[in-house]
Structures are given as C-alpha cells and as structure tokens.
Amino acid sequence: MNAIILSAIWAVIMMLGSFMVKRKGNFRHIAAFGLLVLFVANIADTYGYSLFNFNNHGFLQFTRFGYLFNSIAIFSSLIYVLITGKEISRYGNHTAEYFALIFFVMCGVSMLAFYNNLLTLFLGIEIMTIPLYILTGSDKRNMKSNEAALKYFLMGSFSTGIMLMGIVFSYGGTGTFSLDVSRAGIPNLYNHVASFLEIVGLLLLLVSLAFKVSAAPFHFWTPDVYDGAPSVFTSFMATIVKAAGFIAFIKLCLVRMTATSAAIDWKMIFAIIIIATLLVGNITAVFQQSVKRMLAYSSIAQAGFMLFSLFSVNDFAKEGILLYSAAYSLATIGIFAVLVKMKDYTFEGYNGLAKKQPLLAATNTVFLLSLAGIPLTAGFFAKYYMLAAVVKTGSYLWLVIVAVLFAAVSVYYYFRVIQAMYFKDGNAETEAITPSFKAGLLLVAALIILIGVYPGIILNWLYF
Amino acid sequence: MPIQYYIALASCLFCIGVVGVLTRRNAIIIFMCIELMLNAVNLLLVAFSKMSFGAHPGASEIAAGTDAQLFVFFIMVVAAAEVSVGLAIIVMMYRNIHSVDINFLNRLKN
C-alpha cells in the first residue's frame, strides 16, 4: 500500500515543484530522492511497517511476490533516473511534469503488482499507459514522436476496449470481478453458457494483455512506437512497464487460467504465441540497420522468453519472471543509457567506440552479453529459470529446443554491436560523458554480473 | 427480457467498433469507434449487474451486482482521461501536418 499511495503523492509534489523550483537540474535529484523513499517504504511494507492501513475489501492482495517485483521495478527506475535522468530535460521545458508522469506510471505499476480484482487490473493498466502516451509524444516538434504517440494511443485504447469486453464477459460467466472465483449463482444462464462466456472473456483478456506486452500477433505497434518515442522514454517503456505487464499477466494466468484449464488448452495457445513471438522478434532484429530499432525487435524477442513463465505457471516460473524482469530491465536501461549518448543510432555509429570511450564500450558489452544470455551475466540465469520451468511441467519439451535455437540467433545481432565497437575502425561520436555517468554504468554492469553469479540475492527476498 | 438479447446487442456494437477501428483512416473516427466499444461494454455491464441482482432475491443481498455498476463509473472516468490525452495528441499532429489522416503514419516504416 505504501508504494501505491506514496508514488501518487510524489507525482503531485513533482508537479508542484515545476513552479516552486527554479533550477531545472534539481528535478532529477528530487525524483531520485522520491524513488529512494518509495524503495525504502516498499521494503518496510514488505516486513509489515505499513503507513496506510485500511480495508481494501479484497481489491488488492499484498503478497511477497508483488512486494519483490515492486522493489525490483522501483529500484530499476531509480537506476534509470540516476543514469539517464539528465537527458529528460532535453525535450521541452516540462522536465518536472515528465518526472511526475513517471511517478504516475510507478503508481500503476505498483497497482499491477498487488491487484486481486479485475477492476484494479484495469485501473492499474490505465494509470500505467495514459502517462506513457504523453511521454511518447513529448518531443512535440518531431514528426516521428508525434506519429509514435498517435499510434501508441490508438493501439493502446483499442486494446483497452478489448480488455474491458473480456472483463465483462468473465463477469457474466462467474458473477464476480475478484480474481479468485467463487461461483456466486448465475441462475438465469445455463451452466455451460456461463463457462463459455468466461472462456471468451479470458481469451479477450489474453489478446489485450498480449497487446500490452507486445507478444507476436499483436506486436506490430512496438517497433514503430519504440523507434519514434524519445530514446529516454523508450528505455522506460521497454523495461519497467513491460515487466509490469508481464506481472499482471502471470497473476491472471496463475489464478484464472489454471482454474479453466479443463475447458481450454491454454498451454497450446501460449506455445503458439511463444513460437510466433520468438520468430518475429529474432528474425526481424537481424535485418535492422538502426540499433534503436534492433533493440525494439529484441524487446519483442525477450518478451517471447518471458512468455515461458505464462506457459508453465509454477513456482519456478514465478521466480524466473522476477529474475528475468530484473536482468532484462537493468541490461536494457544500460544499453539505452549508452544509446542516448550516441550521435548516430545506426550500427556504423558505434564503429570504434572502444578506442574513444573504452569504459562505455566495456559496460555496453556486459549489457549485450546479458541480453544474449551468456553465462556469468544475469541474463543467463533468467533464461535458465524460464526454460527449467518448462522442463518441470513435463510437456511441450520441444519448446525448449526452439527457444535455445532462437537464443543463438539473438547472439548474432547483439554481437554485431560488440563487433562494431571493438573490431571496426570508425569515429564514434558521443555527447559529453560525465564521470558520474560512467560510475552509474559501472554500477549497473557490476549488478548484472553479481546477479549472474549469485541469482539468490534476488530470489531469497521472496522467502526471507 | 432474457440476458442473451443484451449480450447480442453489446457484441454487435462492440464488433461495429472493432471493424471501424480496423478500416477507417480518420483518427477522429477511429477514436469514436473506440468509444463505441467502451459503451458497448458499459451497456453489457449494467445488464449483467441487473442479472446478478435478480439472482439474489431478498433484502439480505441488496448489494448484489452493484460492483458492475461501480465498474461503469470507473470506465467513464478513465475514458474521459483517455479522451483528453488522445485529443491533445491528435491536435498536436494536426498542427504539424494539417491532417488527421493516419495514412500519414508511414514515415516510421523506413
């Protein structure tokens, strides 16, 4: 409860700050401090020190899983603000408002971590995405940003409509919005019609959530939006928001879809979505010329891996999705932090970066290796947990082989960046690099290697 | 009236909205179609709410089905927030290219 309320309060503080604080540079420090407060408050909440105690009538459910994800999300956004926060002031005069919107997004993310009712699911998704429409279009004079904002908005509200229809049908089938269904009599309908309505509702919910996490048949907006949005905000959208979408998705799967698995083969549906997502994401990423667009497709490919947790809904999958969201968020934030500093976003723009900025190149290599899933980086254990979860379910084992093959494909396009940085001659131009930025990158790279060696430092929090 | 009629009507409205979103090229009209989808949802929610209420006769369950009506208000509020952001985005685009035709949205492809 702490995180939900404090993030909304801090968003209002940021908005007030826009006319109370004169120096633009200070907003970033206020925001970083706010995220630190949120992080501490959330950890205190985990151990029972809640500032706000009231009966929420089962709309929210506070579990260790939700708390841990929330801590990961807040920590990632703290890192995000610390290393790329300075770039936010590039887009217009409304720096404080952008930070305020980021806090509103955090409020939505916290709601998704704790929701226990389809109403809070809907509200959480909306609180999270509406500020993102604004952030996507924040570069007002840039046509690409405008187009991305409009596309994101139209696709986002379309999928919201589908989600609402799904919620209503599932309400008609079960008679409750609560996640844990107790079939409170619906006598006007025959029983099989009720379960039919529920299945249709869950299918519509699946489609709309697949839209939000950009899984394959519904991914087409992702490359355009990620490419068009200002790079700083793409970094936020592709990491924390996407991970929150997956958390919402897996909570729905754990309860509702397991309950109806007798009536419909969810595993097969998810297997098809996973194969399509991995195929589209990896194969298209190979042919990209711009690193930013390659990262957009790679985020689709990574979503394919995260979908494995929805396929095999067990304890291993729950641990895996937390590890994956931490590993993926940290690595992608790091890569985008370097990308924002580059003058040229194409692969050629990275040529010879290792000679001019050895530290940037080295840390960027760690991030790329982590995304590719090379051992000793966080990405390896994240992928390992996902595949191990599938093996534990005991069915569809060929999915694991397909996933490993596609992971091998992904190595190609991640290594293209490393090759450009180290083995090609060129004159990679960057913006001015401050020592604190370098320190931030080093911190993220160290964290990634630390998680890669001891994944327990995250997962132990789930139990102790 | 049986609940099936309401389900059929709401599904028709919803499908009209979906087809409109997928086929029309004008951003404002797409927007209207999305609103149509949301209103089909509202209609069905109220119908289901009444159905749930009818399922629990007697004073003990006077609150049965009110959660669906509550949901309708939330949808209306969120839709209003979405409209304000969406229209702002459309106006921003209109200022730059003097058109609200989404066929202009193909620059990102290359």
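One can find the structure itself at the top, above this paragraph.
Residues numbered from 1 in each chain as written. Chains lettered and ligands numbered in written order. Predicted model: local features only at pLDDT ≥ 70, side-chain atom pairs only at ≥ 80, totals over all residues. Heavy atoms only, no water.

**Re empty space enclosed by the protein**
Residue and element names in this part refer to chain A.
Piece 1. Under the counting rule described, the total for this entry stands at 4 cavities of 30 Å³ or more.
Piece 2. Estimates place the volume of the largest cavity at around 160 Å³.
Piece 3. As for the largest cavity, its lining consists of 13 residues, and the residues nearest its centre are T129, Y152, F211, K212 and W221.
Piece 4. Tallying contributions element by element places helix α6 (residues 143-174) first for the lining of the largest cavity, with 4 residues.
Piece 5. Here the lining of the largest cavity is composed, by residue class, of 8 nonpolar, 3 polar and 2 charged. (1 Å grid on protein atoms, 1.4 Å probe; cavity = no way out; pocket = protein on both sides within 12 Å on 5 of 7 lines; lining within 4 Å. Points joined across faces, edges and corners; volume = space filled by probe spheres on them. Helix = DSSP H or I, 4+ residues; strand = E, 2+ residues; numbered from the N terminus. Nonpolar A, V, L, I, M, F, W, Y, C, P; charged D, E, K, R; others polar.)

**Considerations on the environment of I333(A)**
Residues and elements named next belong to chain A.
Piece 1. Relative to the helices and strands, I333 is located in helix α12 (residues 315-341).
Piece 2. Residue classification places I333 among the buried residues on the basis of a relative accessible area of 0%.
Piece 3. Between the C-alpha atom of I333 and that of A238, which follows or precedes it by 95 residues, the distance is 8.7 Å.
Piece 4. Every residue in contact with I333, bar those within four places of it in the chain, is listed here: S76, I79, Y80, I83, S235, T239 and I240. (Buried < 20%, exposed > 50% of the residue type's maximum accessible area, 1.4 Å probe, protein only. Contact = heavy atoms within 4.5 Å.)

**Quick notes on the interface of chain A and chain B**
Piece 1. Chain A puts 43 residues into the contact, and the matching count from chain B is 47 residues.
Piece 2. Surface buried jointly by chain A and chain B totals about 4100 Å² across both partners, of which 80% is contributed by carbon and sulfur atoms.
Piece 3. A per-residue breakdown of the area chain A buries against chain B is headed by E147(A), L150(A) and F158(A), which together make up 15% of the total.
Piece 4. Linking chain A to chain B there are 0 salt bridges.
Piece 5. Run the count over chain A and chain B and you get 2 residue pairs in polar contact (both at pLDDT 80 or more).
Piece 6. Listed by contribution, the elements that provide at least two residues to the side of chain A that touches chain B are α5 (118-136), α6 and α8 (221-228) of chain A.
Piece 7. Looking at which element gives the most residues to the side of chain A that touches chain B, the answer is α6(A), with 22 residues.
Piece 8. Its residues assigned to classes, the side of chain A that touches chain B comprises 26 nonpolar, 9 polar and 8 charged. (Buried area = accessible area lost by both parts, 1.4 Å probe. Salt bridge = Lys/Arg side-chain N within 4 Å of Asp/Glu carboxyl O. Polar contact = N/O pair within 3.5 Å; in protein donor to acceptor, adjacent residues only side chain to side chain.)

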